[in-house]
Amino acid sequence: MARRENPEINAGSMADIAFLLLIFFLVTTTMNVDSGISKKLSEKPPADYVPPIIKEKNIFEVVINRNNDLLVEDERVQINQLKDLAVQFIDNGGGLGKPGEDGTPGKPCDYCQGSRSESSSDHPNKAIISVQSDRGTNYGTYIQVQNELLRAYTELRNRLSKQRYGVSFDELEQSFKDAKKSADLKDRVEELRKKVEAIKIAYPQIISDAEPTS
Amino acid sequence: MAKFGKKKKGLPAVNTAALPDIVFMLLFFFMVTTTMRETDLRIDAPRLPSATEIKKLEDKSLVSTIYVGKSKDPEKHGIGYNKIQLNDKISSADQVPNFIFSKREKLAEAMHPFMTTSIKADKESNVGTITDIRLKLRDVNALKVSYSTQKGSNN
C-alpha cells in the first residue's frame, strides 16, 4: 500500500496563521531607548565640609531662569552661542594649572589656543562650569544646556587629539572600545587607554550643578 | 508502462513546502528577542529630549530606571509633568533611596558601584523634580546617572 500522506486537516492556512503572529510581534516589539547623557554625580559632602576657595575667574556661571532664558557670566545669550563661549573659557589658559598629585607645581597650559586673558580661566583642569537653574525650569532646556557644554568639551578634545595623535577623540575612544572587545588587538589596549586618559586629563569635564533657586 | 500514469501535475519551480517553517523560525526569533518591559507605565510615555553627546548604556542588568512625566490618571495623582514613577507605581522623591536599595539587593556587592540610574523624564518636567531625585541618589551614593535622551540635534 502506498503510504501517501492523506492530509485530513488542510494545513494550507498554517502559513497565514504564522504570518499573522509574526506581524503581531513585529508591531508590538518596543524599542527601548537605552542611551542618554551620562553623568557622574559628586559624592555627598560631609556635614562639616568647607568648600575650597576658588578664584572667580575659574568659574563659568550659566544661569537658567524659570522662563528658560540663559544668563552666562551675567550676560544674556542665546543657546547657540553657549558652546563657543564655553570653549573660549575652558581653553583660555591664562595661568598655571593644578599642582600634580605627586606635588609637582602647576604648569601653564601648553596646548591651549585661547586668548590667555587674565580674567578668564587659568587652565582647563581648573576651569569649572557651574549650571544654576530654577526649580521651574524646563527639563528640555536644561538638557540642551548640558548638551551644548558637553559639545564644547568634545570639540576641544577632538582638536587636541587630532594635533597629538592624528585622529579625532571620538575615533580614539571607538578604537579603544573595539580593542578591548577583540582578541587580536590586546597589545594596543594599554597604549590606547593611555592616550584616551591623557586627552581626558587635558580637558576634564568639570560641570557642577548648583542648588536650584526656588 | 501501463502501471505508471503520466504525471499531469506541473513541477513547481520553487518548492514552497518549507515556507511555514521559515515563518515559524522568524516568529520564534522575535518571540525570544522581544524585550519584556518590566513595568507598566503609569505615566504617559515621556517625550525624551534630544541630545548629541550621548552614551549607550552598556549593561541592561545594572540599570534601574526612574520615569518622570504626566500621570495617566490625573484625578488620582494630580496634573503636571512631574510625577515620579518607581517600579510600578507613582511615588515621590523620598522613596528613591528605598528603590535604589531594593535594586541593590539583587546584585552582588562588587557590582554596586557599576550600577547606573537612568532618568527618563518628559521634556516638560521641571528641573526641581529632577534635582530632588538627583540629591536623593547622591545621598545613597548611586553616583552613575544617565539622563535618557534621543539622539538628535537641537529640537
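Here, every reference points to the structure presented above.
Residues numbered from 1 in each chain as written. Chains lettered and ligands numbered in written order. Predicted model: local features only at pLDDT ≥ 70, side-chain atom pairs only at ≥ 80, totals over all residues. Heavy atoms only, no water.

### Digging into a positive patch on the surface
(1) Moving on: A cluster of basic side chains, namely Lys177(A), Lys180(A), Lys181(A) and Lys55(B), defines a positive patch on the protein surface.
(2) Moving on: Broken down by element, the residue count for the positive patch peaks at 3 residues, all from helix 4 (residues 169–181) of chain A.
(3) Moving on: Positionally, Lys180(A) belongs in helix 4.
(4) Moving on: For Lys180(A), a relative accessible area of 49% puts it in the partly exposed group. (Patch = residues over 30% accessible without salt bridge, like charges linked within 9 Å, V, L, I, M, F, W, Y side chains within 5 Å. Areas by Shrake-Rupley, 256 points an atom, 1.4 Å probe, with all protein chains shown as cover. Salt bridge = Lys/Arg side-chain N within 4 Å of Asp/Glu carboxyl O. Lys, Arg positive; Asp, Glu negative; His and termini not counted. Charge placed at Lys NZ, Arg CZ, Asp CG, Glu CD. Helix = DSSP H or I, 4+ residues; strand = E, 2+ residues; numbered from the N terminus. Buried < 20%, exposed > 50% of the residue type's maximum accessible area, 1.4 Å probe, protein only.)

### What about the sheet that holds strand 3 (residues 70–72) of chain A?
All names here are of chain A.
(1) Moving on: The 5 strands lie next to each other as 4-3-2-5-6, forming an open sheet whose pairing is mixed. Of all strands in the sheet, those with a lone pairing partner are strand 4 (75–77) and strand 6 (207–209), marking the two edges. On average, each strand axis in the sheet is inclined to that of its neighbour by 25 degrees, with strand direction left out of account.
(2) Moving on: As paired elements, strand 5 (residues 128–132) and strand 6 share 3 bridges and run parallel to each other. The residue of strand 6 that forms the bridge with Val 131 is Asp 209.
(3) Moving on: Sheet strands touched by helix 3 (residues 139–165): strand 2 (59–64), strand 3, strand 5 and strand 6. Its angle to strand 6, the strand with the most contacts, is close to 160 degrees. (Pairing = 2+ DSSP bridges. Axes fitted to C-alpha atoms, helices over the stretch in contact; angles between N-to-C directions. Contact = heavy atoms within 4.5 Å.)

### Looking at empty space enclosed by the protein
Residue and element names in this part refer to chain B.
(1) Moving on: Inspection of every chain in the model, using the stated rule, returns 1 cavity of 30 Å³ or more.
(2) Moving on: Approximately 30 Å³ is the volume attributed to the largest cavity.
(3) Moving on: Looking at the lining of the largest cavity, the element that brings in the most residues is helix 4 (residues 127–139), giving 3 residues.
(4) Moving on: A class-by-class count of the residues in the lining of the largest cavity yields 5 nonpolar, 2 polar and 2 charged. (1 Å grid on protein atoms, 1.4 Å probe; cavity = no way out; pocket = protein on both sides within 12 Å on 5 of 7 lines; lining within 4 Å. Points joined across faces, edges and corners; volume = space filled by probe spheres on them. Nonpolar A, V, L, I, M, F, W, Y, C, P; charged D, E, K, R; others polar.)

### Examining the state of the cysteines
Residues and elements named next belong to chain A.
(1) Moving on: Using the criterion set out here, one finds 1 disulfide over all chains in the structure.
(2) Moving on: Each sulfur of the disulfide joining Cys 109 and Cys 112 lies 2.1 Å from the other. Between Cys 109 and Cys 112, the disulfide has an S-S torsion of 95 degrees and is therefore right-handed. Cys 112 shares its class with Cys 109; the two are buried. (Disulfide = S-S within 2.5 Å.)

### Description of the pairing of strand 6 (residues 116–121) of chain B
All names here are of chain B.
(1) Moving on: Of all 6 residues making up strand 6, 6 are buried, and the element is well covered by its neighbours.
(2) Moving on: With 6 bridges joining them, strand 3 (residues 63–69) and strand 6 adopt parallel strand pairing. Counted as the bridge partner of Tyr 67 is Lys 120 from strand 6.
(3) Moving on: Relative to strand 7 (residues 144–148), strand 6 runs parallel, the two being bridged by 4 bridges. Bridging from a neighbouring strand, Ile 119 pairs with Tyr 147 of strand 7.
(4) Moving on: Where the polypeptide runs from strand 6 across helix 4 and back to strand 7, its parallel neighbour, the crossover connection is right-handed. (Right-handed = clockwise from strand over helix to strand, strands pointing away.)

### Structural notes on a nonpolar patch on the surface
(1) Moving on: Together, Phe19(A), Leu19(B), Ile22(B) and Leu26(B) line one region of the surface with nonpolar side chains, adding up to about 340 Å² of accessible area.
(2) Moving on: In terms of residue count, helix 1 (residues 19–33) of chain B provides more of the nonpolar patch than any other element does, 3 residues in total.
(3) Moving on: Its place among the elements puts Ile22(B) in helix 1.
(4) Moving on: A relative accessible area of 48% places Ile22(B) in the partly exposed class.

### Here's the deal with unusual backbone geometry
Residues and elements named next belong to chain A.
(1) Moving on: One non-glycine residue with positive phi stands out, namely Asn 68, at about 65 degrees.
(2) Moving on: Its identity is not glycine, yet Asp 74 carries a phi of approximately 65 degrees, on the positive side.
(3) Moving on: Inspection of the secondary structure puts Asp 74 in the loop between strand 3 and strand 4.
(4) Moving on: When its relative accessible area of 66% is taken as the criterion, Asp 74 is described as exposed.

### A few points about the interface of chain B and chain A
For interface size, the figure often reported is the accessible area lost on association.
(1) Moving on: Between chain B and chain A, the contact holds 51 residues from the first and 44 residues from the second.
(2) Moving on: Summing both partners gives a buried area of about 4400 Å² for chain B against chain A, and 61% of it is carried by carbon and sulfur.
(3) Moving on: Among the residues chain B hides against chain A, the three largest losses belong to Glu53(B), Val127(B) and Tyr147(B). Together they make up 16% of the total.
(4) Moving on: Here chain B is connected to chain A by 3 salt bridges.
(5) Moving on: Arg135(A) is the salt-bridge partner of Asp132(B), the closest N and O atoms lying 2.8 Å from each other.
(6) Moving on: Connecting chain B to chain A are 15 residue pairs in polar contact (both at pLDDT 80 or more).
(7) Moving on: Those elements that provide at least two residues to the side of chain B that touches chain A are helix 1, strand 1 (50–51), strand 2 (55–56), strand 6, helix 4 and strand 7 of chain B.
(8) Moving on: Ranked by the residues each element gives to the side of chain B that touches chain A, the list is headed by helix 4 of chain B, at 11 residues.
(9) Moving on: Residue composition of the side of chain B that touches chain A, by class: 22 nonpolar, 15 polar and 14 charged.
(10) Moving on: Bridge analysis of strand 1 (residues 35–40) of chain A against strand 7 of chain B gives 5 bridges, and the strand direction is antiparallel. The residue of strand 7 of chain B that forms the bridge with Lys40(A) is Lys144(B). (Buried area = accessible area lost by both parts, 1.4 Å probe. Polar contact = N/O pair within 3.5 Å; in protein donor to acceptor, adjacent residues only side chain to side chain.)

### Describing the pattern of salt bridges
(1) Moving on: What the rule picks out here adds up to 18 salt bridges over all chains.
(2) Moving on: In this structure, Asp139(B) and Lys44(A) form a salt bridge, with 2.9 Å as the shortest nitrogen-oxygen distance. One end of the pair, Asp139(B), is in helix 4; the other, Lys44(A), is in the loop between strand 1 and strand 2, on a second chain.
(3) Moving on: Judged by relative accessible area, which is 38%, Asp139(B) ranks as partly exposed.
(4) Moving on: A relative accessible area of 46% means that Lys44(A) is categorised as partly exposed.
(5) Moving on: As a salt-bridge pair, Asp134(A) and Arg66(A) come within 3.1 Å of each other at their nearest N and O atoms.

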